[in-house]
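Residue-level listing of the chains:
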Amino acid sequence: MLNIKNLHVSLEEEDKQILKGVDLTVEAGKVHAIMGPNGSGKSTLSYVLSGKEGYEVTEGSADLLGEDLLEIDPEERAALGLFLAFQYPVEIPGVGNMTFLRTAVNSQRKARGEDEMSASEFLKAVRERAKSLKIDADMLKRPVNVGFSGGEKKRNEILQMAMLEPKMCILDETDSGLDVDAMKLVAEGVNALRNEGRGFLVITHYQRLLDHIKPDVVHIMANGRIVKTGGPELALEVEQNGYADILAEVA
Amino acid sequence: MALAQVKIDATEERLNTLDMPQEGWSTAARKDALMRLRSMGLPSRRDEYWKYTRPDTLVQPKALDAAVLQTDEVPVFDALERLKIVFVDGVFSADESDDLVLEGVAIERLADATADIHWAKGLYGVLENKGQNPVERPLAALNTAYATDGVLIHVTGKPSKPISMIYRHISESSDAILHHIVKIDKGAEVTILENGPAAARFNKCMEIDVADTATFHHVRAQGRDHERRAATHVFARLGTESTFKSFTLTANGVMTRNECVIELTGDDAHATVAGAALGDGDFHHDDTVFITHDAVNCESRQVFKKVLRNGATGVFQGKILVKAGAQKTDGYQISQSLLLDEDSQFLAKPELEIYADDVACSHGSTSGAIDEEALFYLRSRGVPVGEATDMLTLSFLAEAVEEIEDGALAEEINERLAAWLARRRD
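Residues numbered from 1 in each chain as written. Chains lettered and ligands numbered in written order. Predicted model: local features only at pLDDT ≥ 70, side-chain atom pairs only at ≥ 80, totals over all residues. Heavy atoms only, no water.

A. How the structure looks around the overall build of chain B. Counting its secondary structure elements, chain B contains 8 helices and 20 strands. Taking 22 Å as the expected radius of gyration for a compact globule of 426 residues, we find that chain B reaches 21 Å, a close match to that expectation. Taking the principal axes of the C-alpha coordinates as reference, chain B spans close to 70 × 50 × 50 Å. When burial is assessed residue by residue, chain B has 60% of its 426 residues classed as buried. Surface exposure of chain B reaches about 16200 Å², of which carbon and sulfur atoms provide 47%. Where the 45 positive side-chain charges of chain B centre and where its 69 negative ones centre are 3 Å apart. (Helix = DSSP H or I, 4+ residues; strand = E, 2+ residues; numbered from the N terminus. Rg over C-alpha atoms; globule rule 2.2 N^0.38 Å. Buried < 20%, exposed > 50% of the residue type's maximum accessible area, 1.4 Å probe, protein only. Areas by Shrake-Rupley, 256 points an atom, 1.4 Å probe, with all protein chains shown as cover. Lys, Arg positive; Asp, Glu negative; His and termini not counted. Charge placed at Lys NZ, Arg CZ, Asp CG, Glu CD.)

B. Structural context of the overall build of chain A. Counting its secondary structure elements, chain A contains 9 helices and 12 strands. Computed over C-alpha atoms, the radius of gyration of chain A comes to 18 Å, within 12% of the 18 Å expected from 2.2 N^0.38 for 251 residues, which places it in the range of a compact globule. Taken over the C-alpha atoms alone, chain A extends approximately 55 × 40 × 35 Å along its principal axes. The buried share of chain A, reckoned over its 251 residues, is 54%. Within chain A, counting contacts between residues at least 6 apart in sequence, those at least 24 apart form 69% of the total. With an accessible surface of roughly 11000 Å², chain A has 46% of that area assigned to carbon and sulfur atoms. Measuring between centres, the 29 positive side-chain charges of chain A sit 7 Å from its 41 negative side-chain charges. (Contact = heavy atoms within 4.5 Å.)

C. Focus on helix H1 (residues 5-15) of chain B. Residue and element names in this part refer to chain B. Taken together, the buried positions of H1 are Lys7, Thr11, Arg14 and Leu15. Buried residues of H1 fall within an arc of 100 degrees about the axis and therefore sit on the same side. Away from its buried face by more than 90 degrees, H1 exposes Gln5 and Val6. Each element contacted by the buried residues of H1 is listed here: helix H2 (27-40), helix H3 (56-59), helix H5 (138-146), strand S7 (175-184) and strand S9 (201-210). (Arc of directions from axis to C-beta.)

D. Representation of the nonpolar core within the structure. Core analysis: the biggest nonpolar cluster contains 116 residues, and A:Leu2 and B:Phe247 have the highest contact counts within it. With 7 residues, helix H7 (residues 385-401) of chain B is the single largest residue contributor to this core. Not counting the four nearest positions on each side in its chain, A:Leu2 is found in contact with A:Leu24, A:Thr25, A:Val26, A:Leu49, A:Asp63, A:Leu64, A:Leu69, A:Met168 and A:Leu201. In terms of nonpolar packing, the next biggest core, distinct from the first, is built from 50 residues, B:Val105, B:Ile163, B:Ile262 and B:Ala269 among them. (Core = buried A, V, L, I, M, F, W, Y, C linked by side-chain atoms within 4.5 Å.)

E. Here's a closer look at the pairing of strand S4 (residues 55-64) of chain A. Residue and element names in this part refer to chain A. In this structure, strand S1 (residues 2-11) lies alongside S4, joined through 8 bridges in antiparallel fashion. Bridge pairing in S4 links Ile4 to Ala62. Sheet topology note: the S4/strand S5 (residues 67-68) ladder contains 2 bridges and is antiparallel. In the sheet register, Leu64 faces S5, and the bridge partner there is Glu67. (Pairing = 2+ DSSP bridges.)

F. How the structure looks around the interface of chain B and chain A. Each partner contributes to the interface: chain B provides 18 residues, whereas chain A provides 31 residues. Considering only the surface of chain B that becomes buried against chain A, B:Phe376, B:Tyr377 and B:Arg381 emerge as the three largest contributors, covering 41% of it. Put simply, chain B and chain A have 4 salt bridges between them. A salt bridge links A:Glu157 to B:Arg381, with the shortest nitrogen-to-oxygen separation between them at 2.6 Å. Where chain B packs against chain A, one counts 11 residue pairs in polar contact (both at pLDDT 80 or more). At the level of elements, helix H6 (372-380) and H7 of chain B are the ones that each hand at least two residues to the side of chain B that touches chain A. Here the side of chain B that touches chain A gets 8 residues from one element, more than from any other, and that element is H6(B). Classifying every residue of the side of chain B that touches chain A gives 10 nonpolar, 3 polar and 5 charged. (Buried area = accessible area lost by both parts, 1.4 Å probe. Salt bridge = Lys/Arg side-chain N within 4 Å of Asp/Glu carboxyl O. Polar contact = N/O pair within 3.5 Å; in protein donor to acceptor, adjacent residues only side chain to side chain. Nonpolar A, V, L, I, M, F, W, Y, C, P; charged D, E, K, R; others polar.)

G. A look at unusual backbone geometry. Residues B:Asn133 and B:Pro134 are joined by a peptide bond in cis, for which omega reads 5 degrees. Considering the arrangement of structural elements, one finds B:Pro134 in the loop between helix H4 (126-130) and H5. Of note in this structure, A:Asn145 is not a glycine but carries a positive phi near 65 degrees. For A:Asn145, the location among the structural elements is in the loop between strand S8 (143-144) and helix H6 (150-164). Positive phi outside glycine occurs at A:Glu165, with the angle close to 45 degrees. Assignment of secondary structure puts A:Glu165 in the loop between H6 and strand S9 (168-172).

H. Molecular detail of the pattern of salt bridges. Residue and element names in this part refer to chain B. Evaluated as defined, the whole model comprises 43 salt bridges over all chains. A salt bridge links Lys7 to Asp47; its shortest N-O distance comes to 2.7 Å. Of this pair, Lys7 sits in helix H1 while Asp47 sits in the loop between H2 and H3, and the two are 40 residues apart along the sequence. For Asp47, a relative accessible area of 22% translates into the label partly exposed. Its salt-bridge partner being Arg416, residue Glu412 comes within 3.5 Å of it at the nearest N-O pair. Taken as a pair, Glu412 and Arg416 lie in helix H8 (residues 407-423) at a separation of 4 residues, close to a single helical turn. Under the relative-accessibility criterion, Glu412 is labelled buried at 11%. When salt bridges that share partners are traced, they join Glu73, Arg224, Glu412, Arg416 and Arg423 into one network.

Put into structure tokens, the structure is as follows:
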């Protein structure tokens, strides 16, 4: 599904290398988690994959379903099936949440040469998915993320994911700013989307999210590289001993 | 101070092209206005109040031609239930207008009102005259003196539908001067709509008297004819617990100067003036607002948003004057521009002058580009860059459009904004 090879990335504005050779493959149907201390490059990886400006790829490659991600625009990556759940979802005053969702869904369909969703089909689909995420009609009507609590913003991200039905989902610190109940709700939303055809990359600082979204593979990232890969037990090791031991071990 | 000879000459040169309609009750007001105009002279580019907008083309004896826009687009407000009053190149068209009959309001054409006694005599040129102080507005005085047409609207109740003035432009060389009077009695309520480019050059003045507890709603869409030039004035007086809300959409227009002068004279009154302007290329748009608080516990809002690209220019001169004794005033003013490239410019002069000690006044003015974070967010969801930019542009304008109280009218304006953007999408 997602193949990242020897990816090197610098900031465009300053001469600073963030990713120093990332190798990672996420298979369809699998959940991979990336853990790592602050500044290890986790979020940068998610931004580079989804096409945010300000980064320069100096070496390596990343492709999704055989397509070179790094050559195409963010909207094309989305239409191809990539989705990034933002750590800090952006507030957009004056644009209704429903309008935004419908524009996104139909833009992707159009780009893929599929029929656009009718207003009634769309409404039905949104209502079903919103209900299980406990998103009420008011949240759907309000401007995108404006006045939403931290938990509401994250649930809104998962709602978008559910509506867009991506093939490859990247969750960037989706647990940040969530209390236990909100995290459970978000995790349930994600778990409901797990299936054989879909890959997940879950980026997190803490093991606790992984109690709810059980990963198949856990990677530890440090200093712009993946330094260790293992099963779910690796996350527990981090929880108990912190990153220091693992980093010392691989150093 | 004596006027410079060059200014006197320019003024007389313009006046030579005009004939004053001299009939009935308005004659005295017109002559007074001409005296005012002669004492101040027409604006020149050296005047402080015209520092950011060159008045030349608004003042010169003959109007510059303006091509008539050819479009099969359905005009704004067309789908709404309304009473239509149509002016073609500044001349009332009885054929195209509805019968000027509507319960709760009396409407009369200015050019027909020739008796010696008329209720409008107490307003015609009166609010304009008051609005000349402390800042001179010579084009408004010229309007009072020489207006050839317009309507006199006396609102006594709550008419069931809006009164809609439609300004059609069909002659490339038309030069129109219209003057409207709106008098709203105590407790009465009216919505006035205006749309269309009116003429190659358009000078329009509207004087509005809002009595105690009365309500005035105004939504205007200035025509898209690219080469048209317009100088408009709104003068309003607000009584106790009255409401005044005015919104203007301006898309295109090589020269527009919209002045709005409001005086809150009764306690607990509310005034809102808002505008959304879209300029592409050879576009100059100036919003000049002067709100005077002369009563206790009044609220005023000025909300102006401009989207500028390809070298377009936006101007905002907005003032809140709080007179001594106008305690508990709540004044708000915001003027913002979205500059879509480095060739466009926004010039803003926000002013507060406060002589009372228990007031809350806030003002802000910003210029910015499209928010890159938000743009990336939309694109990452699959929205193409052009559409995403339009969504964020509408989002930027939303604060101004939201000042329109009527949801259907706000929606109508939003659709026009979206259509304008979509036509220009790369």
